[in-house]
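# An overview of the molecular structure
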Amino acid sequence: VQLVESGGGLVQPGGSLRLSCAASGSIFSINFMGWYRQAPGKQRELVATITSGGSTIYADSVKGRFTISGDNAKNTAYLQMNSLKPEDTAVYYCNVHGTLLGYIPFGSWGQGTQVTVSS
C-alpha cells in the first residue's frame with residue numbers, strides 16, 4: 001500500500017491549509033485513517049482520526065479548528081486546518097489501516113508533509 005500526502009506548506013498564523021492522503025494498492029477495504037504530527041524535538045502525536053463509518057476523534061489542541069474527512073470511494077482522507085497557530089508547525093503523517101485483497105490486514109504510514117505556521 002502506498003500513501004501519498006499533499007497540501008503542506010508555509011502559512012501565516014490564522015491561515016488555512018488542507019492536507020490530503022491518498023492510499024493506493026491492492027486494497028480491499030479501509031477501516032481507519034488518521035493524521036499524526038511530529039514537531040522538532042517532540043514525540044509524534046495524534047491529531048485526528050476517522051473510521052470508515054465516519055466516527056472521528058480529535059486532539060484537544062485542534063478541536064474546533066481542524067476537520068478530518070474521508071472519501072471511501074477514493075481511499076482518501078483530508079485534514080482541513082483552519083486558524084492555524086505557530087504551535088501547529090510540524091511534519092504531518094497519514095496513517096491508514098485496512099484489509100488487502102485476500103483479507104490480509106495492513107497498516108501504513110505516509111512519508112510526511114511539512115506544515116509551517118509563521119509570519
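Keep in mind that what you see is a predicted model, and the values were worked out from it rather than measured.

## A closer look at the overall build of the protein
- From N to C terminus, the protein includes zero helices and 11 strands.
- Helices and strands in the protein line up, N terminus first, as β-β-β-β-β-β-β-β-β-β-β.
- Taking 2.2 N^0.38 as the reference for a compact globule, 119 residues should give roughly 14 Å; the C-alpha atoms of the protein span a radius of gyration of 14 Å, in line with that estimate.
- Dimensions of the protein, computed from C-alpha atoms along their principal axes, come out at roughly 50 × 25 × 25 Å.
- Classification of the 119 residues of the protein by burial places 41% in the buried group.
- Summarising the internal contacts of the protein: among those between residues at least 6 apart in sequence, 54% fall at separations of at least 24.
- When the accessible surface of the protein is summed, it comes to about 6200 Å², and 50% of that surface belongs to carbon and sulfur atoms.
- Side-chain charges in the protein split into 8 positive and 6 negative, and the spacing between the mean points of these groups amounts to 1 Å.

## Brief notes about the pattern of salt bridges
- Under the defined criterion, the tally for this structure stands at four salt bridges.
- Across the pair Arg37 and Asp88 runs a salt bridge whose closest N-O atoms are separated by 3.0 Å. You can see Arg37 sitting in strand E4 (residues 27-38) and its partner Asp88 sitting in the loop between strand E8 (76-81) and strand E9 (90-100), a full 51 residues away along the chain.
- Under the relative-accessibility criterion, Asp88 is labelled buried at 1%.
- Between Lys63 and Asp60 there is a salt bridge, and its shortest N-O distance comes to 3.1 Å. Comparing Lys63 with Asp60, the two get one shared label, exposed.

## Overview of the state of the cysteines
- A complete count under the given rule lists one disulfide for this structure.
- Each disulfide pairs two cysteine sulfurs, and for Cys21 the partner residue is Cys94, the sulfurs being separated by 2.0 Å. The chirality of the disulfide connecting Cys21 with Cys94 is left-handed, given an S-S dihedral of about -80°. Pair noted here: Cys21 is in strand E3 (residues 17-24) and Cys94 is in strand E9, with a separation of 73 residues, a long-range link. In terms of burial, Cys21 and Cys94 fall into one category: buried.

## Regarding the pairing of strand E1 (residues 2-6)
- Side chains of E1 alternate between two faces, with Leu3 and Glu5 buried and Gln2, Val4 and Ser6 left unburied.
- Here five bridges tie E1 to E3, and the two strands are oriented antiparallel to one another. Bridge pairing in E3 places Glu5 opposite Cys21.

## Details of unusual backbone geometry
- Phi angles above zero are rare outside glycine, and Asn75 is one such case at about 50°.
- Note that Asn75 resides in the loop between strand E7 (66-71) and E8.
- Non-glycine residue Ser83 carries a positive phi angle of around 50°.
- Following the sequence through the fold, Ser83 ends up in the loop between E8 and E9.

## What about the nonpolar core?
- Counting residues in hydrophobic clusters, the biggest one holds 30 residues, and the most contacted among them are Trp35, Val47, Phe66, Leu79, Met81, Tyr92 and Val96.
- Looking at this core, the elements with two or more residues in it are E3, E4, strand E5 (45-51), E7, E8, E9 and strand E11 (113-117).

Parameters at a glance
Residues numbered from 1 in each chain as written. Predicted model: local features only at pLDDT ≥ 70, side-chain atom pairs only at ≥ 80, totals over all residues. Heavy atoms only, no water. Helix = DSSP H or I, 4+ residues; strand = E, 2+ residues; numbered from the N terminus. Rg over C-alpha atoms; globule rule 2.2 N^0.38 Å. Buried < 20%, exposed > 50% of the residue type's maximum accessible area, 1.4 Å probe, protein only. Contact = heavy atoms within 4.5 Å. Areas by Shrake-Rupley, 256 points an atom, 1.4 Å probe, with all protein chains shown as cover. Lys, Arg positive; Asp, Glu negative; His and termini not counted. Charge placed at Lys NZ, Arg CZ, Asp CG, Glu CD. Salt bridge = Lys/Arg side-chain N within 4 Å of Asp/Glu carboxyl O. Disulfide = S-S within 2.5 Å. Pairing = 2+ DSSP bridges. Core = buried A, V, L, I, M, F, W, Y, C linked by side-chain atoms within 4.5 Å.

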